[in-house]
Amino acid sequence: MTLRFLIQKEFLQIRRNSFLPKLILFFPVMIMCVMPWVMNMEVKNIRVQVVDNDRSTQSQQLLHSIEASRYFIFGGQQPSYQAALKEIETGKTDVALVIPQHYSRDLTKGDMTQVLIAANAVNGTKGSMGGAYLSQIVTANASPNTAAIQSKLSSLFLYNKHLNYKVFMIPALLAVVMMLMCGFLPALNIVGEKESGTIEQINVTPVSKWSFILAKLIPYWLIALFAVTVCLLLSWAVYGITCQGPLWLVYVLAMLLALFFSSFGLIISNYSDTMQQAVFVMWFFIVCIMLLSGLFTPTRSMPSWAYATTYVNPMSYFIEAVRTVFVRGGTIMSVWRQILALGSISLLMSVWAVLSYKKNN
């Protein structure tokens, strides 16, 4: 009975707050409707300019091939390499292609010819990928046999046959929603009651620490269920992307992650004296957990010392498991190790949340 009234108190506090109900409703909607469009790691719209020193039919064919590519924005021609380089230095173009004199004659005779590709590599990914795309176009135009071979090649893409980056990002955005809603809100809960003085009224009651912390956690688990449901519905309604594996398994993973972040938020709240302190400490850990989890880049690309942190990073286990279930259609046998690790870390954090709460009788 005591637990029921404590949970009712938490929901009353959330409802009486003019901002929190709006945040709980609109935050998942904004994340799912906006972020999949902007959190895109595909390299497109590479601005390219050409210096054509040959001005032959074959060099014009190369220019038209670049113009027809969906990866490039053709910015026109420059009279010299120095002029093209100046455009790169001022940020007006990303890649410059210099076609040498006698380009057509050398190709006709079968001699080797060199084409210069200068790429702005301040953004290393964009520079390297842009140079690679342009090299493929140059090679295909220089050798008809290469173009014929490429036309006969076919690729089979598993799990994401249209190479849609949204399929990769939507499961990860579930983790972002869990992290921010079930992490920051509990972190501000107890410390907010400390600042307002209402926590002292609880401390003089016979309510146990377990009941008090559990009453703080349960509302955020229910909020997590609501947020996951909204995200999955929007994924289906807006993008036509649905879970390929058991849907209940996605909810299990989400609830385990929600348990971790809500417990972690309460731990920070228990050790913090002010709301400002809780926000800064929570933000520090959240950024580290997110960037080291494989949310944006593969964890195998990290240095060995950074990769070792994924063994204690619950978000890393969640992202790996939810992508296996959501994208590849994996079953519980495919992700049982991640479930075991995520459950163990979450349980440890929930026990710590109880023990760290200091109740003065």
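Reading the values: the criteria
- Residues numbered from 1 in each chain as written.
- Predicted model: local features only at pLDDT ≥ 70, side-chain atom pairs only at ≥ 80, totals over all residues.
- Heavy atoms only, no water.
- Helix = DSSP H or I, 4+ residues; strand = E, 2+ residues; numbered from the N terminus.
- Buried < 20%, exposed > 50% of the residue type's maximum accessible area, 1.4 Å probe, protein only.
- Pairing = 2+ DSSP bridges.
- Patch = residues over 30% accessible without salt bridge, like charges linked within 9 Å, V, L, I, M, F, W, Y side chains within 5 Å.
- Areas by Shrake-Rupley, 256 points an atom, 1.4 Å probe, with all protein chains shown as cover.
- Salt bridge = Lys/Arg side-chain N within 4 Å of Asp/Glu carboxyl O.

Engineer: Can you help me understand unusual backbone geometry in this one?
Structural biologist: Most peptide bonds take the trans form, and the phi angle of most residues other than glycine is negative. You will see that N45, though not glycine, has its phi angle at about 55 degrees, which is positive. A positive phi angle is found at R55, which is not glycine, with a value near 50 degrees. Turning to its location among the elements, R55 is positioned in the loop between β1 (46-52) and α3 (57-68).

Engineer: Quick question: what am I supposed to make of the pairing of strand β3 (residues 95-99) here?
Structural biologist: Two faces, one strand: in a regular strand the side chains alternate between the faces of the sheet. Most of β3 is tucked away: five of the five residues are buried. Every second residue of β3 is oriented toward a common face, with V95, L97 and I99 on one face and A96 and V98 on the other, all of them buried. Pairing between β1 and β3: five bridges, direction parallel. Bridge pairing in β3 links Q49 to A96.

Engineer: Got a minute to help me understand a nonpolar patch on the surface in this structure?
Structural biologist: The grouping of W248, V252, I332, M333, W336 and L340 at the surface amounts to a nonpolar patch, some 630 Å² of accessible area in total. Elements that contribute at least two residues to the nonpolar patch include exactly α11 (247-271) and α15 (332-356). For the nonpolar patch, the element with the highest residue contribution is α15, accounting for four residues.

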